[in-house]
Structure formats: C-alpha cells, structure tokens
Amino acid sequence: RFLMNSSGLVRRSARPDVARASAWPRPRPRPRPRPRPWCAATGAAAGGVGRRLVGAALGSLALRCDCLGICPSGNDPQCWTAEFTCRRCCDIAHGPEGDTSCWTGFVNFDVCCAGRALLNAPPDDEVLALCYDTAAFLQAGRDPLSVEREKLLSVYRRVKPCAAIENVLHLALLTPALRDAQLHWMKEQAIWEAEGILQWFVDSLVTLLGGSHDTQGFAMFMVVHRLILESVPEHQAAVQTLHAERQRLQALPGGIPDSLSSKLAAIEGALVFGDPFDARVAAALLVDAAAAADASVDERSAHGVPMPCSLEAAMALVAQADIARLADGPGAQTFFLAMRGVQRCLDDVTVRRGPLLKQLMKPEAPPLLLALDRLECKPRAVVSLVHDAFINVSPERLSIEFTMTVLPVRDWESDFVRGYHDIHCAYSIRELIARRAPLDRGGLFVDVGANIGGCALWGAHFMKSLEVVAVEPLRAATEALNATIRDNGLADRMTVVRACVRQEGSAASLRRVLPSDLASWSIMQPKWELERTQGSTTSGAESGDTEVVQCRRLDEILHRRVAVMRIHTSGTEDSALASAAGLARRGLLGAVALQFPSLEQARFLWRFGLSVELAGRRVPHGDEAAFEQARLDPSVGHHGLLVAVDSTVDEP
C-alpha cells in the first residue's frame, strides 16, 4: 500500500517481514467466476467451520447465507489489498484455511480470518480517544477533504491502530493524487490504493454496520463519494442529469414509468430527498436489473441475489437492506442477511467487471455509495447534557441524558447529534433562554425553524415549567421531533406545528425541490420554492410525490406571552419576523433571536420598543448607522446573532 503526498510516492508497509505488504501491486488476473457453495447446501460441517471462523454469534447466521468469507470484527486492513480481499481469502469454500494463495508469513488464516492474533498492538487510551474524536468529526458531517493536508496527515499517522478511521483518512489523503496527478501511473497507483480501501469497507459491511451495539460510525462511503466527485468532475454533471430525469418522471400524469431507468431514478430521488425507500420499487428494480443482465436467481439465497450481478442490482439490494434496518434494527437477522446479499453482489461485480472504484467513477454509474452511506445513519441517538454549564446550574432542569430520534439519512443536524451525542443548539441561544426564560414566568419558548428540535428540546430540559412550541415545515423533521417528545414524556409541555412561517400567511406555501448543491456533504439539506396559494389549501398538503406545506403567520399560531423566540429560517427571517407584528403590537414578545441579521429586522424591533443587541453588543435605539457598522464588522459576520429584548423585564 502507498500514500500519496506532496513529496511524491511514499512506500508504506505495516511489517517489513511481510513480503507482499511492501511490494508493488501485482497485475490483476483475468476475472473469472468462482463457484460458491451454499452453507445451507453443504450441511453442518460447513456451519461448524463457520462457527470456528467467526464465533458463535455469527456462526449460526452463517448457515443461512453463502460461504462468502465473513470477516472478523477486528478486520485488520494490513492483511488485505485490492486483489487479496477478506471475503475471498477467508472463504471456507476453498478449504478450512480459506484461500491458501493469500497467506504468507505472519499474514495467515488464524490472524486475518479467525482474529486470534493482531499484526499491530491495540491502541492505548490516548490514541483511542483521538479515534473517537475523529469518528465524531466524520459522523457529524465534517468533510476530511476540506482539512488542511498537514493536519490531516498528522492525525492519520496517529490513528493507525484504528483501522476504519485510518482507512477513511487514507482515502482523503489520496484525493489530490486522483484529482491532480499528471502522470498516468501515479493516478493508477492512487486508484489501486483507494480500491483496496473500498474493498475493505465492503468486506467489513456486517461488522461495521450490523449489531445492536451503538457504533459511532465513520461516514466511510460518503468519503469515497466525495473523492469521486472531486476527481471526476463530469460525474457531478451526470448526477444532475439523473435528478432532472427523476423530476421529469414525477411530473408525468401516469406516475413513474415501468422501466429500469425510471425505477433507478425513483431510488435516486429517495436518496436525494431523504425519503424512505419504497419496497415495491426496490423489488421491481432487482427483477429488472436481473433481466437486463440475463441473470438467474438462486432460490436458496435468503435475499435472491441475481447472478451475474450488477451495480443496479446492488442498488436494489442496498435499498432492501435499508428497509430491513429501519423495520427490524441493525442487529436483526434480516439486516444481516440483506448485508450479506450486498456483499455477494459486489463481490461478483468486482470479479466479473474489474475494480469496483473504476466502475463507480463512470458518469453513468448509479449512486451506490450514497445508498451504502445511508446504512450508517442511525435513527436514534443518546444525547448527554452532562457538560452543559446552564443545565448543570438550573434548579428546574430535567434529566441530563435522553434518547433523541433523528433522521435516518445524511442530514446536517442529525449528523451532529449522532457524532457528538449533543443537541444542535448554539451557545448563544442556550444563554438567551437561560437568561430570559426564568424572568418571564409563564411565557413560551418558540423555536421557528426547529428542524428535529435541538433548541426546543434544550429549552424543555432546562426548565421543567417552560412550555415550548416548535414550528418546522419539513415533514420528516416534525415526525422525528414528535417521536422524541413521546419517548421522553414531554407531550404536556411541547407542541409541534408543521408550517412554514411568512408574512403572507396562508396566501403562500412552500414546495420542496431539488437541492442546489448536490456535492454537499449533507445532501439532504432541504430546499424550498415559494408558491402563491390559489384558493384554500390544507396545511401540509402533498402533491403526488412532492412535499408541499402551507405557510402561516406567527401571530395566527401564537396568542400568549412569548418569553424567548428563536427564528432560523435560512434566509427568510425578515418575513418570519414580520408575521409576528400582532404579537409585538400587543406587547407579547419578551426576547427574539434571529440568524442572518438585517437592518429591516432592527427597524421592526425598534418600532415596537425592543432593545437590539448584535453579537452581544448593544446598539443605540434607532441608530441605523451604528447597526450597519456592527453588522458589517468581520468579527460579527453574516451568521451573527441579532437579539432583541423587552427592556421592561428587569435582568439582574
């Protein structure tokens, strides 16, 4: 294996006594189909070997799937290359020691397949802490491709004992070579390196994603996806074309046509919009993909993997695995078998068609990596507020640890919760609630643009007596927040309103459309188009497969004192604030916090007698020049927080 850096090609070997670990990659032999007997067909003897290989926990399940090698939980990447993969070498169909052509020196069946020894020492506490922090960084949606190279290289060298983290960072370090390498052999070498890592991830699908234990996640397939987008610019154009085709199909009167490309576009659309996969579409796609490849389906397979397999069939199998994950949980046998089906399909695709990475880099390739990435997005996370300074000193606090339902897809706020096990709510908002809510007893905390409820939930946990109203247009986010409220017994104090908030009220609605930045790490960030409502519209109405939500004014939703209101509507804060004019006129606004501050917001708040602060600095009442000077200050920035308070409420 090799590592590309600014000084050229650096040879990297885990052990000098392992000859092939430091050798140049051998030319790939001509791919040939390999017969793979089924454990169910070979009787208890094969099952017994399987038990010795993977342990009792997975051994019983191995009886239900083919003998494709099952990798140990400590799958050491130093054992494998793009050619010598775990699933090939550990395949007991070759014999009790797997494929003996894979073994040399310390690299043997006992070490690499049975996991009875380690090539590297286990990480010490300091390294393990760094691995956890890096995993949180990745799972929270932080893009390693954007990190300064020297810093990335420094972390990479320190996390070598943590195989998954090391491989993710290794991919990020290979990106410049894939994107900018002038010499063909250097680019090919980088592709070979990346292929080996991708195959390691495929080998480790079950151990990294399965099981009932709470794995933190590594965003591994998202990094490969970003790597392809960085190194193959035309790939992004192809993705845009596929999305446009999906929107065209949606608009047809008869719905999505019955064809392979249309079913693939439907799966792709579910990926981009963060919708659940449709089981009927996934099953139909699998049938069509098998027919297109003139494949046969082995009836003994638990999930009917077609042979020969294809990337389109793999998309269908991943969709079925995701359905099993959400329905039964990642520790369920159905999910395990579904993941084994994905492994078997991708193994066949690699054997028959060559390196998997090169296939995925083709512009016409389906977005398989995004589908695989979804399997890592857990739908629930434990949130701990043990280090929250405001919660710790609150005499009315609720529990400091609770379970939060998040979106089971790649989403900015959900990623943050999964990665850091904390709610996504800015310190400045927490400080404002802690400062103002105890002074304005009986007042509400209103979170406009609540998403999955980070700040709303924080307010409810800060004060047992504080009532909270969360307003959010995204259907999936409101469903997740309602689930969190039910699970934590907060229904008596928390209310969720699904609506967009605008000055026009019910005369406007929002229609969800394709995101503008498809290269974004959090691809599911919603984008909306404003529509004028013709006649009467039911709130939250849906049009076919498109999400549409009616708008309302804040002074129509709320009719009592508001202690604190947070408005974060991603650029439409002026209109949302103007919809609260009735509340302000009646003196019902205690404090307001707005993202994306503007002079129009300050004028509105001054008109109703509120004092204005910008990034913690008081602005003289009505002094527009001072406000603009403060707003344009680089230390405030475009995302600075505007806070307005009712000065008649005394603060200590």
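The structure we're discussing is the one just above.
Since this is a predicted model, take the numbers as computed values, not measurements. (Residues numbered from 1 in each chain as written. Predicted model: local features only at pLDDT ≥ 70, side-chain atom pairs only at ≥ 80, totals over all residues. Heavy atoms only, no water.)

Let us now look at the packing of helix 9 (residues 184–203) against helix 11 (residues 220–231). It is the contact of helix 9 with helix 11, at a shortest axis distance of 11 Å, that shows an interaxial angle of 160 degrees. Between helix 9 and helix 11, the interaxial angle falls into the category roughly antiparallel. The two elements helix 9 and helix 11 meet at a crossing, and its hand is left-handed. Contact residues: helix 9 offers Lys187, Leu198 and Phe201, while helix 11 offers Met220, Phe221, Val224 and Ser231. (Axes fitted to C-alpha atoms, helices over the stretch in contact; angles between N-to-C directions. Helix = DSSP H or I, 4+ residues; strand = E, 2+ residues; numbered from the N terminus. Parallel < 35°, antiparallel > 145°, perpendicular 65-115°, else oblique. Left-handed = near helix turned anticlockwise from the far one by under 90°. Contact = heavy atoms within 4.5 Å.)

Scanning the entire structure with this criterion turns up seven disulfides. Disulfide partner of cysteine 90: cysteine 113, at an S-S distance of 1.9 Å. The sign of the S-S torsion, about -90 degrees, decides the handedness of the disulfide formed by cysteine 90 and cysteine 113: left-handed. Of the two residues, cysteine 90 sits in the loop between helix 4 (86–89) and helix 5 (109–112) while cysteine 113 sits in the loop between helix 5 and helix 6 (125–139), which places them 23 residues apart along the sequence. On the accessibility criterion, cysteine 90 (1% relative accessible area) is buried. Look at cysteine 113 and you get buried, because its relative accessible area is 0%. The disulfide partner of cysteine 309 is cysteine 345, and the gap between their sulfur atoms is 1.9 Å. Across the S-S bond linking cysteine 309 and cysteine 345, the dihedral sits near -95 degrees, which makes this disulfide left-handed. Of this pair, cysteine 309 sits in the loop between strand 4 (306–307) and helix 15 (311–328) while cysteine 345 sits in helix 16 (residues 333–353), and the two are 36 residues apart along the sequence. (Disulfide = S-S within 2.5 Å. Buried < 20%, exposed > 50% of the residue type's maximum accessible area, 1.4 Å probe, protein only.)

So, on to the nonpolar core. One finds Trp80, Trp103, Phe201 and Leu368 to be the most contacted residues of the largest nonpolar core, which totals 102 residues. The leading source of residues in this core is helix 8 (residues 163–180), at eleven residues. Once residues within four sequence positions are removed from consideration, tryptophan 103 is found in contact with Trp80, Cys89, Glu97, Asn108, Phe109, Cys112 and Cys113. Of all hydrophobic cores here, the second largest spans 45 residues; its members include Val406, Val409, Phe462 and Ala563. (Core = buried A, V, L, I, M, F, W, Y, C linked by side-chain atoms within 4.5 Å.)

Moving on: the packing of aromatic side chains. Tallied over the entire structure, the rule returns ten aromatic pairs. Between the aromatic rings of tryptophan 103 and phenylalanine 109, the centroid separation amounts to 6.5 Å while the plane-to-plane angle is 80 degrees, which identifies the pairing as edge-to-face. We note that tryptophan 103, like phenylalanine 109, is buried. Plain terms: the ring middles of phenylalanine 390 and tyrosine 427 are 5.2 Å apart, the flat faces sit at 45 degrees to each other, and that makes the pair tilted. Of this pair, phenylalanine 390 sits in helix 19 (residues 389–393) while tyrosine 427 is found in helix 21 (residues 427–436), placing the two residues 37 residues apart along the sequence. One aromatic cluster in this structure is built from Phe390, Tyr427, Trp458 and Phe462. Sitting above the plane of the phenylalanine 277 ring, arginine 374 keeps its charged end 4.4 Å from the centroid. (Phe/Tyr/Trp six-rings, centres within 6.5 Å; stacked < 30°, edge-to-face > 60°. Lys NZ or Arg CZ within 6 Å of the ring centre and 35° of its normal.)

This brings us to the sheet that holds strand 17 (residues 611–614). The sheet built from eight strands is open, its strands ordered 9-8-7-15-16-19-17-18 with mixed pairing. Looking along the sheet, the strands with just one partner apiece sit at the ends: strand 9 (494–498) and strand 18 (617–619). Adjacent strand axes in the sheet meet at a mean angle of 20 degrees when their direction is disregarded. In this sheet, strand 19 (residues 642–645) lies alongside strand 17 in antiparallel orientation, the contact comprising four bridges. Each residue of the ladder has a partner; that of glutamate 613, found in strand 19, is valine 643. (Pairing = 2+ DSSP bridges.)

Structurally, proline 306 is set in strand 4. Taking the C-alpha atoms as reference points, proline 306 and alanine 291, separated by 15 residues in sequence, lie 9.1 Å from one another.

What follows deals with unusual backbone geometry. Here the bond from methionine 307 into proline 308 is cis, since omega is 0 degrees, no more than 30 degrees from zero. Within the secondary structure layout, proline 308 lies in the loop between strand 4 and helix 15. Although it is not a glycine, histidine 421 sits at a positive phi angle of roughly 55 degrees. Along the chain, histidine 421 falls in the loop between helix 20 (412–420) and helix 21. Phi at asparagine 451 is positive, roughly 55 degrees, even though this residue is not glycine. Residue placement: asparagine 451 occurs in the loop between strand 7 (444–448) and helix 22 (454–462).

Moving on, we come to helix 22. The element helix 22 is largely enclosed, with a buried count of nine among its nine residues. Among the residues of helix 22, Gly454, Cys455, Ala456, Leu457, Trp458, Gly459, Ala460, His461 and Phe462 are the ones counted as buried.

In this structure the tally under the stated criterion is 33 salt bridges. In this structure, lysine 263 and aspartate 288 form a salt bridge, with 2.9 Å as the shortest nitrogen-oxygen distance. Taken together, the residues lysine 263 in helix 13 (residues 260–273) and aspartate 288 in helix 14 (residues 279–292) connect sequence positions 25 residues apart. Assessed through its relative accessible area of 8%, lysine 263 is described here as buried. Residue classification places aspartate 288 among the partly exposed positions, given a relative accessible area of 22%. One network of salt bridges, with partners in common, ties together Asp373, Arg410, Asp415 and Arg418. (Salt bridge = Lys/Arg side-chain N within 4 Å of Asp/Glu carboxyl O.)

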